[in-house]
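Here is what each chain is made of, one letter per residue.
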Number of protein chains: 2
Amino acid sequence: MLPFARVAIIGMGLIGSSLARAIRETMPTVRLTVSDGDPAVRARVVALDLADDVTENAGAAVVDAELVVLAVPVGAMAAIAAEIAGELAPGAIVSDVGSVKARVLADLGAALPGVEIVPGHPVAGTEKSGPDAGFASLFQDRWCILTPAVAGPASDRVAAFWTRLGARVELMDAAHHDRVLAVTSHLPHLIAYSIVGTASDLESVTRSEVIKYSAGGFRDFTRIAASDPVMWRDVFLNNKDAVLETLGRFTEDLVALQRAIRWGEGDTLEALFTRTRAIRRSIIDEGQDTEEPDFGRKH
Amino acid sequence: MLPFARVAIIGMGLIGSSLARAIRETMPTVRLTVSDGDPAVRARVVALDLADDVTENAGAAVVDAELVVLAVPVGAMAAIAAEIAGELAPGAIVSDVGSVKARVLADLGAALPGVEIVPGHPVAGTEKSGPDAGFASLFQDRWCILTPAVAGPASDRVAAFWTRLGARVELMDAAHHDRVLAVTSHLPHLIAYSIVGTASDLESVTRSEVIKYSAGGFRDFTRIAASDPVMWRDVFLNNKDAVLETLGRFTEDLVALQRAIRWGEGDTLEALFTRTRAIRRSIIDEGQDTEEPDFGRKH
Ligand SMILES: NC(=O)c1ccc[n+]([C@@H]2O[C@H](COP(=O)([O-])OP(=O)(O)OC[C@H]3O[C@@H](n4cnc5c(N)ncnc54)[C@H](OP(=O)(O)O)[C@@H]3O)[C@@H](O)[C@H]2O)c1
Ligand SMILES: NC(=O)c1ccc[n+]([C@@H]2O[C@H](COP(=O)([O-])OP(=O)(O)OC[C@H]3O[C@@H](n4cnc5c(N)ncnc54)[C@H](OP(=O)(O)O)[C@@H]3O)[C@@H](O)[C@H]2O)c1
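What counts, and where the lines are drawn
- Just so you know, the residues in each chain are numbered from 1, in the order the chain's sequence is written.
- The naming scheme follows written order: chains are lettered A onward, ligands numbered 1 onward.
- In view of the model being predicted, local features appear only for residues whose pLDDT reaches at least 70, and side-chain atom pairs are presented and counted only at 80 or more, with totals across whole chains, interfaces and linings using the full set of residues.
- Derived side-chain values reflect all non-hydrogen atoms in the structure, with water molecules and hydrogen atoms excluded from consideration.
- Strands here are runs of E lasting at least two residues and helices are runs of H or I lasting at least four, both read from the DSSP assignment and numbered beginning at the N terminus.
- Throughout, the radius of gyration refers to the C-alpha atoms, and the reference size of a globule is 2.2 Å times the residue count to the power 0.38.
- Working definition: with a 1.4 Å probe on protein chains only, accessible area under 20% of the residue-type maximum means buried, over 50% means exposed, and in between means partly exposed.
- The contact definition used throughout considers only heavy atoms, calling two residues in contact when any of these lie within 4.5 Å.
- Note that accessible areas follow from Shrake-Rupley with a 1.4 Å probe, and for residues the cover is restricted to the protein chains shown.
- Counting rule for charge: Lys and Arg are taken as positive, Asp and Glu as negative, and neither His nor the chain ends is counted.
- Just so you know, the charge point we use is NZ for Lys, CZ for Arg, CG for Asp and CD for Glu.
- Each of two parts loses accessible area, computed with a 1.4 Å probe, when they are put together; buried area is these two losses added.
- Salt bridges are defined as contacts in which a side-chain nitrogen from Lys or Arg sits within 4 Å of a carboxyl oxygen from Asp or Glu.
- Nitrogen and oxygen atoms within 3.5 Å of one another constitute a polar contact, given that in protein one can donate a hydrogen and the other can accept it, and given that sequence-neighbouring residues count only through two side-chain atoms.
- Side-chain classes are defined by residue name, with Ala, Val, Leu, Ile, Met, Phe, Trp, Tyr, Cys and Pro counting as nonpolar, Asp, Glu, Lys and Arg as charged, and the others, Gly among them, as polar.
- UniProt positions are given in the numbering used here, feature names are shortened, and annotations may be inferred rather than shown by experiment.
- Between N-to-C directions, angles cover 0 to 180 degrees, with each direction set by a line fitted to C-alpha atoms, over the stretch in contact for helices.
- Note on angle classes: values under 35 degrees are labelled roughly parallel, values over 145 roughly antiparallel, values of 65 to 115 roughly perpendicular, and the remainder oblique.
- Here a crossing is taken to be left-handed if its near helix is turned anticlockwise relative to the far helix by less than a right angle, and right-handed if that turn runs clockwise.
- Nearness of a residue to a molecule or strand requires only that one of the residue's heavy atoms be within 4 Å of it.
- Note that the domain bounds were set by an automatic or database domain assignment.

## Section: the overall build of chain A
No. 1: When helices and strands are tallied, chain A shows 12 helices and nine strands.
No. 2: In terms of overall size, chain A behaves like a compact globule, its C-alpha atoms giving a radius of gyration of 21 Å where 299 residues would be expected to give roughly 19 Å.
No. 3: Within chain A, buried positions represent 59% of all 299 residues.
No. 4: Put simply, 71% of the contacts in chain A that link residues at least 6 apart link residues at least 24 apart.
No. 5: Total accessible area computed for chain A in this model is approximately 10,800 Å², and 53% of it derives from carbon and sulfur atoms.
No. 6: Here chain A contributes 29 positive and 40 negative side-chain charges, whose respective centroids are spaced 4 Å apart.

This is the structure:
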């Protein structure tokens, strides 16, 4: 049995459109209504046949949906929730895919009193944006974290939905989610944005040199630092405490490493560099990355 | 005409064995002698037919070579140079592939007085090590930087050699090379090692959570942080000044970003995140990376 027969997605960017494609592929009989404010995006949705109906306004898209998924930047969730509040069908469940959860849980709760809210975060993505960047297999074997205030029939149904899409589901406290993701996603992005900024502002090394010789490691950081600016601005504004806490830890460790370099402590360096290999091994064993060197880039 | 008819490679790890494969492919008539201290590595060299002769001692490998390439960690170059000093044929050119150049230029100069020295650094690699990790196309369309004390016929021949291997060649002052690579390679590796270390030492987030949810960005850092510990220890010990200088700049910028997050300065964040996208664009345009999202990882 389908967990939901009628689904609405608000926002047809990378994640919204991937979700639409994955639903089409795994649950083709679901009636799918989507909305997006940008006429160019709506035209692409029609051209790519990503939904049964596409609307301009979020309110119009949700009227008979059993599940509504908000796929917009974290900072835009509250306004969208306010827009759909008066239009939701009785019993509708509202979920989202935002990268920060405590704030979204609070925002949706405030805007949608009495509505079943099951915030979600598929830990999967790329550095690209928009409806053409999406693909159906994005969530395959990735984790989707659900952070409802209380677990129950509503979160069970949303869990069943993500399982059908090929994801593995985990329930977690929203605040804990935000601490975990601060480490595995938010801090890496912050560092990548920062180092790319630093590299492009030096006087002793030109920008064209940075670009030419980027294959030594830098290019990987530029890929992450090519992610959507608004999405990431909203992540940092809305997960401030956990990001600052993790960043503080990182800075301490980096200063210790700086000291080891300054004093020529080769053993300290080698010990750390050996320890980090084990983590990589575990990530490959857990199926969260491929073993191919450099991801099989053509050299 | 071949730039060199007889070549010796000392060290058959990732880079040495890739070089051997590339020579076999692009200059099959070159007589290739290699050496490696590890009997298991020598056995692999024979099994994979990577060279015409393979020796245990570096001295024995170089006796009639016109070009000798040292492909060992930067900290091992001086000892190898001392080992081969009495064995070199008259007119032999000594080069290397080390990731740091000022120290190698000084070390080789001191150990090999009167010998033509043309230090080199192919800006290409992966996180893997050893003879089985090498492949012939590693240097294709990548830059190889040569840092001789003075340019002349010897550096011209080494340049012609790398061009035959498919690389693009650039001459550079050794100290400048070390500043450029501190930015495009050494700092990124340092940061990656550091963040992976931080993430595995937290109390509030378990290591298994870090591994499970690594697809949000962290896994890319773990790949870089899986690189060879000894090679990277030697890089940081031998390019201390440039690395500490660049690290200082990075830390300053990161602190500014931390402040912007603390004070909720969304515009500052968005402006930086937008600027970094342009650098990514240029790297793809320059052919130093692929445009494929996430390098076409299977999700
Ligand atoms: N990218 C990732 O790797 C990733 C991974 C997991 C979760 N997420 C989360 O998924 C959500 C969507 O991200 P995405 O990568 O799909 O972004 P995207 O490709 O940039 O798409 C963003 C979508 O949000 C809409 N939108 C932007 N600002 C809005 C506003 N103020 N009001 C209403 N709608 C607005 C856009 O509408 P228009 O078409 O009108 O611009 C577009 O449909 C975010 O919450 C993000 O944190 C992203
Ligand atoms: N990996 C990269 O991405 C990359 C890129 C550009 C340049 N480089 C440079 O290339 C050089 C080789 O790196 P690699 O990646 O090929 O490393 P690798 O795969 O780990 O191989 C290292 C080689 O050096 C030998 N070696 C290690 N310590 C030695 C010592 N104390 N005395 C003599 N030989 C020793 C090893 O011999 P055994 O077989 O006996 O262990 C092995 O042949 C380094 O200078 C590195 O900076 C690396």
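This is not the end of the story, as more comes after the structure.
## Section: the interface of chain A and chain B
No. 1: If you look at the interface, chain A gives 107 residues, while chain B gives 106 residues.
No. 2: Of the roughly 10,300 Å² buried where chain A meets chain B, counting both sides, 66% is carbon and sulfur surface.
No. 3: Linking chain A to chain B there are 16 salt bridges.
No. 4: Inspection of the region where chain A meets chain B yields 42 residue pairs in polar contact (both at pLDDT 80 or more).
No. 5: Secondary-structure elements contributing two or more residues to the side of chain A that touches chain B are β8 (143-146), α7 (174-199), α8 (207-212), α9 (218-224), α10 (229-238), α11 (240-262) and α12 (266-285) of chain A.
No. 6: Class assignment of the residues belonging to the side of chain A that touches chain B gives a composition of 47 nonpolar, 29 polar and 31 charged.

## Quick look at the UniProt feature "domain: Prephenate/arogenate dehydrogenase" (unreviewed entry) in chain A
No. 1: In this numbering, the UniProt entry assigns the feature "domain: Prephenate/arogenate dehydrogenase" (unreviewed entry) to residues 5-291 of chain A.
No. 2: Helix makes up 52% of residues 5-291 of chain A and strand 12%, whereas the separation of the span's terminal C-alpha atoms amounts to 39 Å.

## Overview of the packing of helix α4 (residues 77-84) of chain B against helix α5 (residues 102-111) of chain B
Two quantities define a packed helix pair, namely the angle between the helix axes and the distance between the axes.
Residue and element names in this part refer to chain B.
No. 1: At a minimum axis separation of 9 Å, α4 and α5 run at an interaxial angle of 25°. Judged on the interaxial angle alone, α5 and α4 are roughly parallel. Considering the relative orientation of α4 and α5, their crossing is right-handed. Residues M77, A78, A81 and A82 of α4 pack against V104, D107, L108 and A111 of α5.
No. 2: Grouping the amino acids of the contact of α4 with α5 by side-chain chemistry returns seven nonpolar, no polar and one charged.

## Quick notes on the site of ligand 2
Residue and element names in this part refer to chain B.
No. 1: Looking at ligand 2, there are 28 residues lining it, with L14, I15, D36, V72 and S99 nearest.
No. 2: In the environment of ligand 2, an oxygen atom lies 2.8 Å from a nitrogen or oxygen atom belonging to the backbone of I15.
No. 3: Residue D38 places a main-chain N or O atom 3.4 Å away from an oxygen atom belonging to ligand 2.
No. 4: When isolated, ligand 2 has an accessible area of 910 Å², and the protein chains bury 75% of it.
No. 5: Going through the elements one at a time, α1 (14-26), α4 and β7 (120-122) are the ones with two or more residues in the shell around ligand 2.
No. 6: Of the residues assigned to the shell around ligand 2, the class counts are 15 nonpolar, 10 polar and three charged.

## As for the domain arrangement of chain A
Residues and elements named next belong to chain A.
No. 1: Considered domain by domain, chain A is made up of domain 1 (6-172) and domain 2 (176-286).
No. 2: For domain 1 and domain 2, the distance between their C-alpha centres works out to 30 Å.
No. 3: With 18 residues of domain 1 at the interface, the matching set in domain 2 holds 17 residues.
No. 4: Taken together, both faces of the contact between domain 1 and domain 2 bury some 1,400 Å²; the carbon and sulfur share is 58%.
No. 5: Here domain 1 is connected to domain 2 by two salt bridges.
No. 6: A salt bridge links E286 to R168, with the shortest nitrogen-to-oxygen separation between them at 3.5 Å.
No. 7: Among the secondary structure elements, those contributing two or more residues to the side of domain 1 that touches domain 2 are α5 (102-111) and β8.

## A closer look at the site of ligand 1
Residue and element names in this part refer to chain A.
No. 1: As a structural note, the neighbourhood of ligand 1 is formed by 28 residues, with L14, I15, D36, V72 and S99 the closest of them.
No. 2: The backbone of L14 places a nitrogen or oxygen atom 2.7 Å from an oxygen atom of ligand 1.
No. 3: Contact between ligand 1 and S99: an oxygen atom at 2.7 Å from a side-chain N or O atom of the residue.
No. 4: Contributions of two or more residues to the shell around ligand 1 are made by α1 (14-26), α4 (77-84) and β7 (120-122).
No. 5: For the shell around ligand 1, the per-class residue count stands at 15 nonpolar, 10 polar and three charged.

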